[in-house]
Structure formats: structure tokens, C-alpha cells
Amino acid sequence: MSGIVQIAEKFHSETEAWDLKAYVLGTLFYRFLSEDLAAFIDNEEHAAGVSDFNYATLDDTTAEMARLTTISEKGYFLLPSQLYEAVQANAAKDENLNETLKAVFGAIEGTANGTASQHAYSGLFSGFDPNATALGETVPSRNKRLADLLTDIGEYSLVDAASDFDVLLRYYVTTAGKKGGDHFTPPTIAELVARIATTARPKARNVYDPALGSGSLLIKSRNLLANEPMVLGQELVRTNYNMARMNLLLHGVEFGWFDLAGGVSTLTHPAHRDDEPFDIIVSNPKWSEKWIGKDDAVLISDDRFASAGVLAPKQYHDLAFTMHAASSLASDGVAVLVQFPGTLYRGNAEAKIRQYLVTNNLVDTVIQLPPDWGYGVTVPGVIVVLRKAKHDNAVLFLDASSLFKRIGNKNELLDTHQQTVIDAFTARTDVEHFARLVPNEDIALADFNLSVSRYVQPEDDRKATDIRTLNAEIIEIVRRQSELREGIDAIVVDLEGVEV
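Because the structure is predicted, anything quoted here is derived from the model rather than measured.

Chemist: Mind showing me how you'd approach the environment of Ala 335 here?
Modeler: Relative to the helices and strands, Ala 335 is located in strand S5 (residues 329-339). Separated by ten residues in the primary sequence, Ala 335 and Ala 325 place their C-alpha atoms 6.7 Å from one another.

Shown next, in the form of C-alpha cells:
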């Protein structure tokens, strides 16, 4: 078990894990910010010839001289007395530790207010309430618990904070089951989505996710691009929005290179219309959630949805995200969406939306995933790829349902499995039992059903049976049964002395 997970389990019980995750994640992030800021200032002074400079040892008054420069470069500022090392050293004897932490987090967020980094840090620690009764019934009990956490993470050998953050995220969604899976795309699926997107658009200038969760799809996509694209996204759940911002900063995406919005739905209050169109869109929206739909009379005239002539049904918002992505996409862009399989075949309004997408040649590829790949999800999801600049009038269907390795209690697509999908996605040719390129007119004849199983027939691995050989085997079995019956009768006669 990872050391950082052991610290988490020491801090809370398994039943508390999901509700208290912000404290462990936030404490790790606070240590990262402190050490990153101190290292930045130290390096600046060392480069200027002050070889023995150590920011952490300065008094606060002297340190103030670095405030403006540091905020412009790093986006926030902490005095030496507010650094993790200093707070942790005094935590056990600080009777007002709860207020000390509140002041430190307020300083991180407050120094960004009114600057270019405000969007990155404003409200970032809102989920970390040191006065919450969930930590304990009294101030001393809460402070004791927080002091122990600060000490444990302070003594932890922090080599790669981003990797540890990823480990913690996976731990929390694993323990939370479906509740956690709603906010986190498993790593190998996220990698596949990112690889498909960046293969199709290797020189993307921006990457966007309208339902970003913890931000993993954005991070993985950006990491695969040679240039530094702008990262944009929106997330309804504010705790996820905060986690995503921490996640990006930990992974080296500086505040000037991302713009995320949180707390409101992309479907009803899109935050990045002025930033459209997008070169790459990657997303795994929560599956089959209810939304306001036709109850909001304005939405049917919204240019994102109006072209289909119908809104996604109120009980299923899935294809509303698909239409949003199609509308937001650059003419040479690509959207890669993880979706519930029902979006491919459900009728009524969803069938009409699929008709619009296929008729306008927006559906590029549909990929069937294996079952049991997500957290709290056993349904075999699908990946739908949208493109406007297609070179044919057809949809590529790929059946990747058998491409996985069982690891623990999940099916994961390893690198070789992902590469098989990428190769087929790029080649866009038929492969028996795996890939089929289907003309749009044939899909129309199938009432715009986009289920992979409709077009790709699985290999029949049943062993062929020779009927003559089978009959001979049956005759031999009957003969042997008869012989055994006669033998048993003879034994009974011998034992009882009575002829049967």
C-alpha cells in the first residue's frame, strides 16, 4: 500500500474517506505550494549570486519584499511563518491551529485576488474547513486530528506530489464506489481518450472538457501534446472543481495556461462560449442524469441544441453534452466522449439527435469498451468520437470489449490494448470481428442505431461439431451404460441369491 494512502487511512476511517478527502488532498497540496514557492524564491536568489539564501529562515518583514514579484510569477504568496514547515512545527502546541490554517489558506487565496491568477486560487480551499464538526466535537479534538495529519504528511518523503495526488484520488474513488466513480475516469480509459484525441489533433492549441471532474482527461491530453495548449473546462460540483484546479497546478499547468469554471452546469450556463471553437474536447459526463431540458423554453432555441430540432430528454442529459461538444468544436477539431451505451440506441428524442449527428457527418468513430472498467460501474461504456473535417461519409465501429487485462476487480486497457485501438482508429479499415467502416446511408437504414454490436459481429469461438462423430460417441455411451447395468445386475444376484 502506498505511503500516502496509509496516512489517509490513519486520518480517517473508510466510511469517512469520501467526506474527508478534502483535508488530506488539501494538506498535501498546501505542502506542495509551500515548498514550490520557497524553492522558486531560493532559486531566484541563488541565480543572483546569494548562494546561502534560504527563504524559510527569513523574518516576515524582510520577506515582504518578494511579495509582488512572487505573485506575478507563481500566482500566490506566503510569508515564511505561513509555510507548511513552520505551521507543522508548531501544530501540536498551537491551541488555535484551526484559525492558523484558516488564515494561511485565506492568504493563499487572498494574495491572488485582483490578479491574473485569481481564477486559479479563489475559493480553492473552501472544502477544507478546520472548524467542521466532522473532524471532532471540540476545538481541541479537531486541532489534534489536524496536527497529526500535518505531521504525518510533513514527515512523508515527498518525491512527486502530482503522483501522490493521483494515488489519493484513485484511492478515494475506489473506496467510494459509484459515488466516487461519477467524478473520476479510470487512468487507462483516460489515457485512451487522450491518445485518440491527440492522435487526431497533434497540434491542438486548446483542450476543453465541459464536465471535467478531477481534470484527469485535460491533464493527460495536454501531456501528450508537444506544444503548450490552453486548458479550459467547467464542472458543476464545486469540490471537484477545486480538486481539478489543484490537480492541474500539481501537474505543472501554470495558472496562465488554464481557465476553469465551477459550481454551475455547462448545459444551462456555459462559461466558455467566448473561447470557442475548441481543437480538442475530451469528456466523461456523469451518465444519464436528469436535467431541465424542455422545461426551460429558452434551451430549444440555444444554438447548441436548436440544429437537431429537439432537446435531449429530461431524464437523460447525455446527448445534450454531445450536442454541446459538436457545437463547440473547431472545423478541424476532435471530440472524444465517454458515454453510457444507451445513448447509441435509445429512441424518441435521442434517436432524432443521432439522426442529426449522422446526417451531418459528425460521428467519426464509436468504440465499444469492455465491461467492469469503471469505479462503481459494471456497464461496458462506449467512446464516441466527433469530427467535422472527415474524409468520408461513414462511421468506424470498433469492438474493443475483449481488449483488457483483469487487474484486481477491474478490467483495464493496457498500452498494447490502447495501441490496437489507436491503430484501427487511424487505419479506418475493416478488420473481421473487430472493426467495420459503415456508410452513413446504411446507418440510416438501421434507424440511426449506433450500437457497435449492430455492425461488428463477434467471433464465434464455439468448436465445430462433427455430427457423425457425435452420434458414434452417443452410441458408444449407450453401449457402455448397458454393459454397466448388466454388471450391476449380476452383482445384485450374487449378493442376494435372487435372479433379477
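Chemist: Explanation requested: the pattern of salt bridges in the structure shown.
Modeler: Side-chain pairs of opposite charge can arise where the charged atoms are in close proximity. Scanning all chains against the criterion turns up 24 salt bridges. Note that Lys 144 is salt-bridged to Asp 148, the shortest N-O span being 2.7 Å. Of this pair, Lys 144 and Asp 148 both sit in helix H8 (residues 139-155), separated by four residues, roughly a single helical turn. One network of salt bridges, in which partners are shared, links Arg 273, Glu 276, Asp 302, Asp 303 and Arg 304.

Chemist: Hey, could you run me through the nonpolar core in this one?
Modeler: General note: in soluble globular proteins, nonpolar side chains tend to be found buried as a group. Core analysis: the biggest nonpolar cluster contains 114 residues, and Tyr 30, Ile 108 and Ile 383 have the highest contact counts within it. Of all the elements, helix H2 (residues 21-47) adds the most residues to this core, at twelve residues. Setting aside its immediate chain neighbours within four residues, Tyr 30 contacts Leu 78, Gln 82, Leu 83, Tyr 84, Val 87, Leu 101, Val 104, Phe 105, Ile 108 and Leu 150. In this structure, Phe 278, Ala 335, Ile 353 and Val 452 belong to the second largest nonpolar core, which totals 44 residues.

Chemist: Even after reading the chapter, I still don't get unusual backbone geometry, so can you show me in this structure?
Modeler: Across residues other than glycine, the phi torsion is negative in most instances, and most of the peptide bonds are trans. Omega for the bond connecting Glu 276 with Pro 277 falls within 30 degrees of zero, at 0 degrees, which places this linkage in the cis form. Mapped onto the elements, Pro 277 comes out in the loop between strand S3 (258-262) and strand S4 (278-283). Positioned with a positive phi, Asn 348 is a non-glycine residue whose angle comes to about 55 degrees. Take Asn 348: its relative accessible area is 70%, and that puts it in the exposed class. Here His 433, not a glycine, exhibits a phi torsion of approximately 70 degrees, which is positive. On the secondary structure map, His 433 appears in the loop between helix H16 (415-427) and strand S11 (435-439). A relative accessible area of 31% places His 433 in the partly exposed class.

Cut-offs used in this document
Residues numbered from 1 in each chain as written. Predicted model: local features only at pLDDT ≥ 70, side-chain atom pairs only at ≥ 80, totals over all residues. Heavy atoms only, no water. Helix = DSSP H or I, 4+ residues; strand = E, 2+ residues; numbered from the N terminus. Salt bridge = Lys/Arg side-chain N within 4 Å of Asp/Glu carboxyl O. Core = buried A, V, L, I, M, F, W, Y, C linked by side-chain atoms within 4.5 Å. Buried < 20%, exposed > 50% of the residue type's maximum accessible area, 1.4 Å probe, protein only. Contact = heavy atoms within 4.5 Å.

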